[in-house]
Amino acid sequence: MSSGTAARAQFKLMGVLNVTPDSFSDGGLYLDPSAAIAHGLGLEAEGAAILDIGGESTRPGAAEVPAAEELRRVLPVIEGLVAAGTSAQLSIDTSKATVAAAALQAGATLVNDVTALRGDPAIASVIAASGADCCLMHMLGDPRTMQRDPRYDDVVAEVKAFLEERMQFAIAAGIDEERIMLDPGIGFGKRVEHNLELLARLHELVMIGRPVLVGSSRKSFLGRLTGRAVGERLAGTIASCVLAYERGARVFRVHEVTPVADALTVAAATVAPWTTRPTSSTR
Ligand code: HH2
């Protein structure tokens, strides 16, 4: 195996596929199912191992979407990707049990719930019964209120305690621990300095023992730091992903796959030889 291929195997990219009119960076671009399916297949061709399909924006202040409308947006896309023979893992970005259940039925095998199973009391049992993977994310408050003066004494300790508690809740609900990913929720009820501290101390969340997913792509803290508009945050996105990789994150939710994959391949090839514990044969 070449060192590039070995490095590439160290991380996974989750391509963002928003089927919404109002997502913060790509709202309205993929409302038509055929455009969304083509975009998803394009992300997969670029190297996304997971496609995260969402029918409700979670940007600060976003309006709630009824389940029927969310389903109308995402189901044709999941069905179309399955019919097109995708080999990417399909993830449903929802906090509603009915949406998760229908998406799993249609071929999704991962539930990405930004409420970490707090939004709908029925969602944990839907995930448990299906044997799907799930991602538990930290958010302070809800999307309508989360950016109103968020405060923490120690953001990393509080996010860690939250994720540990939600993980125990998920396990008690019958979700296999091996199927759980954890996410600090970059931008969800956090000031710029909270996001930066979470990235800088990400290894403390990695210590929980489950794969950590980071969703920093194009987010506003990058804009605040660089002065760049949403569509001009690729360099900032890459810097945050590379740093998060070095701190132990292994799954990256991104809008642009190829450049992040290249950057992470270099990061993984550089970090791996030095972090591999020497054995008697390599010492
Ligand atoms: N961020 C967004 C949506 N879903 N899921 C996880 N696990 N982690 C994240 O950081 C995350 C997420 C927000 O980004 P986007 O989907 O591009 O925007 P919108 O919510 O406006 O659709």
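Since this is a predicted model, take the numbers as computed values, not measurements.

Draft legend 1. Inspection of the packing of helix α3 (residues 67–83) against helix α4 (residues 97–106) at higher detail. It is the contact of α3 with α4, at a shortest axis distance of 9 Å, that shows an interaxial angle of 15°. Between α3 and α4, the angle falls in the class roughly parallel. The two elements α3 and α4 meet at a crossing, and its hand is right-handed. Within the contact between the two elements, α3 uses Ala-67, Glu-70, Leu-71, Val-74, Leu-75, Ile-78, Glu-79 and Val-82 and α4 uses Thr-98, Val-99, Ala-102, Ala-103 and Ala-106. Looking at the contact of α3 with α4, its residues break down into 10 nonpolar, 1 polar and 2 charged.

Draft legend 2. Inspection of the confidence of the model for the chain at higher detail. When pLDDT is averaged across the chain, the result is 93; 96% of the residues are at 70 or more. Counting contacts from residues 276–283, a segment whose pLDDT is below 50, to residues more than four positions away or on other chains yields 1 contact.

Draft legend 3. Quick look at the sheet that holds strand β7 (residues 213–214). Pairing is parallel in the open sheet, where 8 strands are placed in the order β6-β5-β4-β3-β2-β1-β8-β7. Across the chains shown, the open sheet's two edge strands, defined by having one partner strand only, are β6 (180–183) and β7. Here strand β3 (residues 89–93) pairs with strand β4 (residues 110–113) via 3 bridges, running parallel. Each bridged residue has a counterpart across the sheet, and for Ser-91 the counterpart in β4 is Leu-110.

Draft legend 4. Local environment of α4. For α4, the set of buried residues is Ala-97, Val-99, Ala-100, Ala-103 and Leu-104. Viewed end-on, α4 has its buried residues packed into an arc of 160°, placing them on one side of the element. Structurally, α4 contributes buried residues whose contacts are with α3, β3, β4 and α5 (123–130). Phi for Gly-107, located one or two positions after α4, is positive at around 135°.

Draft legend 5. Expanded view of the site of the ligand. In the vicinity of the ligand there are 18 residues, among which Ser-23, Ser-57, Thr-58, Asp-183 and Lys-219 approach most closely. Between Ser-57 and the ligand, the recorded distance is 2.7 Å, taken from a side-chain N or O atom to an oxygen atom. Take Arg-253: an N or O atom from its side chain is 2.8 Å from an oxygen atom of the ligand. Notes on the ligand: free accessible area 480 Å², of which the protein chains cover 98%. When grouped by side-chain class, the residues that make up the shell around the ligand number 6 nonpolar, 7 polar and 5 charged.

Calculation notes
- Residues numbered from 1 in each chain as written.
- Predicted model: local features only at pLDDT ≥ 70, side-chain atom pairs only at ≥ 80, totals over all residues.
- Heavy atoms only, no water.
- Axes fitted to C-alpha atoms, helices over the stretch in contact; angles between N-to-C directions.
- Helix = DSSP H or I, 4+ residues; strand = E, 2+ residues; numbered from the N terminus.
- Parallel < 35°, antiparallel > 145°, perpendicular 65-115°, else oblique.
- Left-handed = near helix turned anticlockwise from the far one by under 90°.
- Contact = heavy atoms within 4.5 Å.
- Nonpolar A, V, L, I, M, F, W, Y, C, P; charged D, E, K, R; others polar.
- pLDDT = per-residue confidence, 0-100.
- Pairing = 2+ DSSP bridges.
- Buried < 20%, exposed > 50% of the residue type's maximum accessible area, 1.4 Å probe, protein only.
- Arc of directions from axis to C-beta.
- Near = heavy atom within 4 Å.
- Polar contact = N/O pair within 3.5 Å; in protein donor to acceptor, adjacent residues only side chain to side chain.
- Areas by Shrake-Rupley, 256 points an atom, 1.4 Å probe, with all protein chains shown as cover.

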